Amino acid sequence: MTSAILSAINILTKPLGEASAQASQQEALHAALGANRALLLERLQSDSSLQPVRSQREEVKAAAGWFCSETHDVTWSFVQECLLLLLTLTRHLTDELKRFQEAPPPSGNLRTPEMAPPLPPDVLSVSQQKTLGAALQFVVSLGLCPYLAAGVGVPLGRRSAFGSVVEKLIRREASPPAGRRLLTTTRVLLQAAELATLATLVFTRHLGDVMAALCQLGYEPHREEDRPLRPEECRSCKEALRNLLGKVYQPIVVKELLILQGGPKQSGPSGSSVGSSSSRAALGSAPAWLRRLCGQLLSERLMQPNGVQAVVRAILEGGTGGDSDWRKCDAVARILVACPHQSASADGYFRLVCPQVLELLHIRDKLTALQFQRVATRAALLMVQERPGFAQQYLLGPLLAPLRRCITASAEEQSQVAVEESELTRCLEDVYKVWVVGNSPSAALLAALEEVVPVVFTLFCFTKQNVSHLRGPCQEILLWFLSHSETSASLSSLRQLSGLRERRNDVAAEFQFAAGGGGGVRLRCRQTCSDEDEELYEKLSGEQWRLECLMQLLAQLKDSDLPGDFFLDLLQELTSWAADEETEGDDELDVAAMTLLEVERQLLGGAERRAGRLTLLQVLAVMVECLQHDRLLRRTSQVVDFMVSLLQRACVGLGAAAGPSVGNPVESQTLSMGMGLVATLLSAPQVSAEDYSCMSRLLPPLEALSQRHPDAVVQELASNLRAVIATRGACRPDDLAGAAAARGSREPESKGNNRQTPASTGSSSPQQPCPTGGGGRTSAGGPDPNDKPFSDWLLEACDPDVPTRAFALRVLTQRVRRRDPEAVQAQEKVLTLFLENLEHEDAFVYLSAIQGLAVLADSYPGRILQRLLKDFQHGPSLPSSNKERSLETRLKVGEVLMRASRAMAELLSDGSDQNGEGGRGEESCCPRRRSAAPRPQR
């Protein structure tokens, strides 16, 4: 029966070649339509194989109230026959499918090749689908498109040459009216589309035409007397349109609605132009009522679940990634940001759209991810600029929620894991895409990111100690923030990250980051430590590691003045604190006139100030050690401004002949540091005339220091600097920067009663804060170790003066690294010295000993490692060892073993860990963390 119906359809639609060759195209088509219809009616009467088709056709014809037998229009008569056969086929296939579904399943094993399951009766072959497709094309071309109003849908004349012929063939004045014809054709197509097999053929080729017809039938305005349809018919067409739009794949619906809107002067769902697409530019002008209707329908598509993705796919799918696609991305982003007029409120619109915009950032399909993320990023940036309130509430807030939860996490409210690995990974990737890739800094974006920068920095420090794919995004986010923020905001953030200010918005005290299973990071409850010494060691080493990570960030800021601004800001604060010390020394605490609470408050305030000053010295020391001078001294004018105030103040202190400021260690260190800065500037390969003119302001204070300062070394250095500046470099003493470094290395750190313990200094650097990177290192221009006998350095390694001892240990380390013959011969004495100094209470000394032992183990691993392993397992073996501090010494030995093992791992892998995948010891940018020695041959 199905084959018979399709045979009848084939008779109706087959071409007649000879007739078309002897007449014009229009006449040939008119004659072919009439001849084919007559042939079909004749075959239905005479051919016995088509008798079932004739009977079912008659039943459908009797039930069709729209069939008009009195029409004199050949084309409409032809269309009516096509519609009757379509309904006949639909009715037959529906009945057959119902019987197929109700039939009991066949017996036997259906899984064998001989017992394949039967096909449903509505499955059509390729040739049958081709025949049915031709009939649908005739129906749409002759019975639907010619009756669409001007501007509704794509005109037939713009589709093909056949369309132009059809437009001239239609007789609108014949019965039935055009409106009734359009309604009849549309209803029959929708009725046929209720069957899934026929729906595929109808909607894959003619969805736009059916939508255009339903829009016109349901929404076209008419005067009451000229209305072609009854009100209930209009309502049914509106309902059919709503049902159709809900069933079809939404990106296709959006695309067809955009086409119905007309040419490029028409607007999208929110009143914004979709873009200069060539397909839309070729369309005519749609009527105003249709533009409004399409805008409303598009807005409804947009505000549905996954509606944003449907709109984006409709416009961008099939793109090539060229410039036009990028312009489309920007246009779609503007559509998403503009609230449509049909929305009840802007708040409701953005509440629905913003989560969908964020979901666009998470598309994993490689073919579409780039464009989707471009749309999401542009939409987010535009929303922050044009709708900052809604963006903060519905976009930035949810996006940054995992990082903010790291700040507000509470052990009472949270489980063991406060933020999962997947949440933190997705959050950081989204921040990277919106802030860094979008690269459109604004006050709102910077303010939102500033709240979570401490968390990102803590996470960055954690990833630097482990292998994690989050290290790169964290670093790029921090660099972007520091580069684009105002200088004052960047300096404030750097102070907070370095510990100079109270830490706000950092990870909650009861939580810490931990490695995740997928290479990411999660936030979990902090594990309590029962050993106070171990907890103190972890805290101090963690503070030092944060400073080193911060210096690595500053080193990555290319062509930026921020490192120098931060350094000079700290130096100015150091100078002001030195002046405050003189004032505080003169003011004695009158305990008798104060209450106990006031005394406690005064004492605690003094302790906090001293702790802050120690932190400042530590930050300055790490900055000088880790950053090259060309990073710190980019702007000569800033350095000179600071030096003018520093030297002038030093001259004022000289006014009181033997005043307290002359013996003040902080004052002396500040002066040495400043003169080292000037020496470094003047030691550059090329100093411009502008720099010399700027530094001429230093001549008066340098002259005063060269004549009146009590220290002969300072007098000589000031005289040399003054000579170089005054002669514009014509008179230049030898090793100017080396003399400044030697002055800094010989300056005593503090008096005996001010000597700091590890608990007060933290893990501060063994070097003095010398701007040339020296602090006792011979590479920075200090005294040449070859000037003294080796035995003298062994004696100085036992000197009670901390700087002298630390410098001697560094010299011995260099001798061991160079395999000096005397050091090789006395390696047992050197080992004993290093082990003894490992127990020293001052960080300057024991860190130098740790470095020396690591170099010694790298050079002579056979003996040294066995000794170190024994001390690590059973405690220090020297007779003079302090048994009460055995745990602390074992931890220091563990640091030596860790450095030695990393050095040997690098040797075995031929330096494969140079990209930052190793631990913190070899990864640091600090000179003291990197070994410059040639690898020994084993």
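That block above? That's the structure.
Attention in this report is confined to the structure presented alongside it. Positions within a chain are numbered from 1, following the residues in the order the chain's sequence is written. Reporting of local features is limited, given that this is a predicted model, to residues whose pLDDT is at least 70; pairs of side-chain atoms are given and counted only at 80 or more, and all residues count toward the totals for whole chains, interfaces and linings. Only heavy atoms go into the side-chain values, all of them from the structure, while hydrogens and water stay out.

**Considerations on the overall build of the protein chain**
Okay, so step 1: A run of H or I in DSSP becomes a helix once it reaches four residues, and a run of E becomes a strand once it reaches two; helices and strands are each numbered from the N terminus. Looking only at helices and strands, the protein chain features 42 helices and 3 strands.
Okay, so step 2: Buried residues are those whose accessible area, probed at 1.4 Å on protein chains only, stays under 20% of the maximum for their type, while exposed residues exceed 50% and partly exposed ones sit between those limits. When each of the 938 residues of the protein chain is scored for burial, the buried share is 52%.
Okay, so step 3: Here a residue-residue contact requires only that any non-hydrogen atoms of the pair lie within 4.5 Å. A fraction of 74% describes how many contacts in the protein chain between residues 6 or more apart in sequence connect residues 24 or more apart.
Okay, so step 4: Only the protein chains shown count as cover for residues, with accessible areas throughout obtained via the Shrake-Rupley method and a probe of 1.4 Å. Of the roughly 43700 Å² that the protein chain leaves accessible, carbon and sulfur atoms contribute 51%.

**As for the pairing of strand β2 (residues 511-515)**
Okay, so step 1: Counted residue by residue, β2 has 4 buried out of 5 residues, so it is predominantly covered.
Okay, so step 2: At least two bridges found by DSSP between two strands is the condition for calling them paired. Where β2 meets strand β3 (residues 521-525), 5 bridges bridge the pair, whose relative direction is antiparallel. Looking at the pairing, Gln512 lines up with Arg524 of β3.
Okay, so step 3: Taking the residues that link successive antiparallel strands as the turn, the β2-β3 hairpin has 5 residues, and the phi of Gly519 there is positive, at about 85°.

**What about the environment of Glu81?**
Okay, so step 1: Here Glu81 is to be found in helix α5 (residues 74-102).
Okay, so step 2: With sequence-adjacent residues up to four places away left out, Glu81 is seen in contact with Leu12, Arg37, Leu40, Leu41, Arg57 and Phe67.

**A word on the pattern of salt bridges**
Okay, so step 1: Any carboxyl oxygen of Asp or Glu within 4 Å of a side-chain nitrogen of Lys or Arg constitutes a salt bridge here. This structure, assessed with the given rule, holds 26 salt bridges.
Okay, so step 2: Glu300 serves as the salt-bridge partner of Arg242, at 2.5 Å between the closest nitrogen and oxygen. Of this pair, Arg242 sits in helix α10 (residues 231-247) while Glu300 sits in helix α13 (residues 288-302), placing them 58 residues apart in sequence.
Okay, so step 3: Of the residues examined, Glu300 reaches a relative accessible area of 26% and is grouped as partly exposed.

**So, the sheet that holds β3**
Okay, so step 1: Taken in spatial order, the 3 strands line up as β1-β3-β2 in an open sheet, and their pairing is antiparallel. Two strands in the sheet have a free side with no partner beyond their single neighbour: β1 (417-419) and β2. The sheet shows a mean angle of 45° between the axes of neighbouring strands, taken without regard to direction. Only the stretch in contact is used when a helix axis is fitted, and all axes are lines through C-alpha atoms; the angle between N-to-C directions ranges over 0 to 180 degrees.

**Description of the nonpolar core**
Okay, so step 1: With 220 residues, the main nonpolar core has Trp435, Phe513, Met623 and Leu698 as its most contacted residues.
Okay, so step 2: With near-sequence residues (within four places) excluded, Met623 lies in contact with Met551, Leu554, Pro563, Phe566, Phe567, Leu570 and Leu632. By nonpolar core we mean a set of buried residues, namely Ala, Val, Leu, Ile, Met, Phe, Trp, Tyr and Cys, connected to one another through side-chain atoms within 4.5 Å.

**Topic: the packing of aromatic side chains**
Okay, so step 1: When the centres of two rings from Phe, Tyr and Trp lie within 6.5 Å, Trp using its six-membered ring, the rings pair. Their planes under 30 degrees apart give stacked, over 60 give edge-to-face, and anything left gives tilted. For the structure shown, the criterion picks out 7 aromatic pairs.
Okay, so step 2: Measuring from ring centre to ring centre gives 5.3 Å for Phe78 and Phe138, while their planes differ by 70°; the resulting arrangement is edge-to-face. Taken together, the residues span a long stretch of sequence, with Phe78 in helix α5 and Phe138 in helix α6 (residues 126-143) at a distance of 60 residues. Both residues of the pair, Phe78 and Phe138, count as buried.
Okay, so step 3: Counting every residue linked through ring pairs, the aromatic cluster contains Tyr349, Phe350, Phe390 and Tyr394.
Okay, so step 4: In this structure, Lys892 is placed above the aromatic ring of Tyr846, and the distance from its NZ or CZ to the ring centre is 3.9 Å. Criterion for a charge above a ring: Arg CZ or Lys NZ at most 6 Å from the ring centre, at most 35 degrees from the ring normal.

**Remarks on the pairing of β3**
Okay, so step 1: Counting buried residues in β3 gives 4 out of 5 residues, a clear majority hidden from the surface.
Okay, so step 2: Both β1 and β3 contribute to a ladder of 2 bridges, which runs antiparallel. Looking at the pairing, Val419 lines up with Leu523 of β3.

**Digging into the packing of helix α8 (residues 178-192) against α10**
Okay, so step 1: Following both chains from N to C, one finds α8 and α10 inclined at 40°, their axes separated by 12 Å at the closest point. In terms of axis orientation, α8 runs oblique to α10. For the element pair α8 and α10, the recorded crossing hand is left-handed. Residues Arg180, Leu183, Arg187 and Leu190 of α8 form the contact with α10, whose own contacting residues are Glu233, Ser236, Cys237 and Ala240.
Okay, so step 2: Residues are grouped as follows: Ala, Val, Leu, Ile, Met, Phe, Trp, Tyr, Cys and Pro are nonpolar; Asp, Glu, Lys and Arg are charged; every other residue, Gly included, is polar. Tallied by class, the residues present in the contact of α8 with α10 amount to 4 nonpolar, 1 polar and 3 charged. Throughout this description, any angle smaller than 35 degrees is read as roughly parallel, any larger than 145 degrees as roughly antiparallel, any in the 65 to 115 degree range as roughly perpendicular, and the remainder as oblique. Should the near helix be turned anticlockwise from the far one by less than a right angle, the crossing is termed left-handed; should it be turned clockwise, right-handed.

**Remarks on the side chain of Ser468**
Okay, so step 1: As for its placement among the helices and strands, Ser468 is situated in the loop between α20 (443-464) and α21 (471-484).
Okay, so step 2: Polar contacts, as used here, are pairs of N or O atoms within 3.5 Å; protein pairs need one atom able to donate a hydrogen and one able to accept it. Residues neighboring in sequence count only if both atoms are side-chain atoms. For Ser468, the side chain forms a polar contact with the main-chain oxygen of Gly519, separated by 2.9 Å.
Okay, so step 3: Ignoring any residue separated from it by four or fewer positions in sequence, one finds Ser468 in contact with Thr463, Gly519, Gly520 and Val521.

**What about helix α40 (residues 861-874)?**
Okay, so step 1: The terminal C-alpha atoms of α40, which comprises 14 residues, lie 19 Å apart, in line with the 20 Å expected from a rise of 1.5 Å per residue.
Okay, so step 2: Listed as buried for α40 are Pro861, Ile864, Leu865, Leu868 and Asp871. Take α40 and look down its axis: the buried residues cluster within an arc of 125°, on one side only. Turned more than 90 degrees off the buried face of α40, the exposed positions are Gly862, Gln866, Lys870, Gln873 and His874. Between the first and last residue of a helix there are one fewer steps than residues, each counted as 1.5 Å, and that sum is the expected span. By definition, the arc is the one covered by directions from the helix axis to the C-beta atoms.

**Considerations on unusual backbone geometry**
Okay, so step 1: Its identity is not glycine, yet Asn439 carries a phi of approximately 50°, on the positive side.
Okay, so step 2: Along the polypeptide, Asn439 turns up in the loop between α19 (421-437) and α20.
Okay, so step 3: Phi is positive for Asn505, which is not a glycine, with a value near 60°.
Okay, so step 4: With respect to the helices, strands and loops of the structure, Asn505 is situated in the loop between α22 (487-498) and β2.

**Some remarks on the environment of Val308**
Okay, so step 1: Residue position: Val308 is located in helix α14 (residues 307-316).
Okay, so step 2: A relative accessible area of 0% means that Val308 is categorised as buried.
Okay, so step 3: Spatially, the C-alpha atoms of Val308 and Cys354 are 9.3 Å apart, while their sequence positions differ by 46 residues.
Okay, so step 4: When near neighbours in sequence (up to four residues on either side) are disregarded, Val308 contacts Leu302, Leu336, Val353, Gln356 and Leu360.

**Digging into the environment of Arg471**
Okay, so step 1: Within the element layout of this structure, Arg471 appears in helix α21.
Okay, so step 2: Taking relative accessible area as the criterion, Arg471 reaches 9% and is therefore assigned buried.
Okay, so step 3: For the pair Arg471 and Phe460, spaced 11 residues apart in sequence, the C-alpha to C-alpha distance is 5.9 Å.

**Quick notes on a negative patch on the surface**
Okay, so step 1: Exposure above 30% relative accessible area and the lack of any salt bridge qualify a residue for a patch; like charges then connect within 9 Å, and the nonpolar side chains Val, Leu, Ile, Met, Phe, Trp and Tyr within 5 Å. Here Asp and Glu are counted as negative and Lys and Arg as positive; His is not counted, and neither are the chain ends. Charge coordinates come from a single atom per side chain, which is NZ of Lys, CZ of Arg, CG of Asp or CD of Glu. On the surface, a cluster of negative charge is made up of Glu532, Asp533, Glu534, Glu535 and Glu538.
Okay, so step 2: Along the chain, Glu534 turns up in helix α23 (residues 532-556).

**A closer look at α22**
Okay, so step 1: The terminal C-alpha atoms of α22 lie 16 Å apart, and with 12 residues this matches the ideal 16 Å at 1.5 Å per residue to within 8%.
Okay, so step 2: Within the sequence span of α22, burial applies to Ser490, Leu491, Ser493, Leu494, Arg495, Gln496, Leu497 and Ser498.
Okay, so step 3: Just past α22, the residue Gly499 takes up positive phi, approximately 90°.

**Points about the packing of helix α36 (residues 802-817) against helix α38 (residues 827-837)**
Okay, so step 1: Two elements in contact, α36 and α38, have axes separated by 11 Å at closest approach and are oriented at 140°. Looking at the two axes, α36 sits oblique to α38. When the axes of α36 and α38 are compared, the crossing they make is left-handed. Between α36 and α38, the contacting residues are Arg805, Leu809, Leu812, Thr813 and Val816 on the first element and Val830, Leu833, Phe834 and Asn837 on the second.
Okay, so step 2: Here the residues of the contact of α36 with α38 are counted per class, giving 6 nonpolar, 2 polar and 1 charged.

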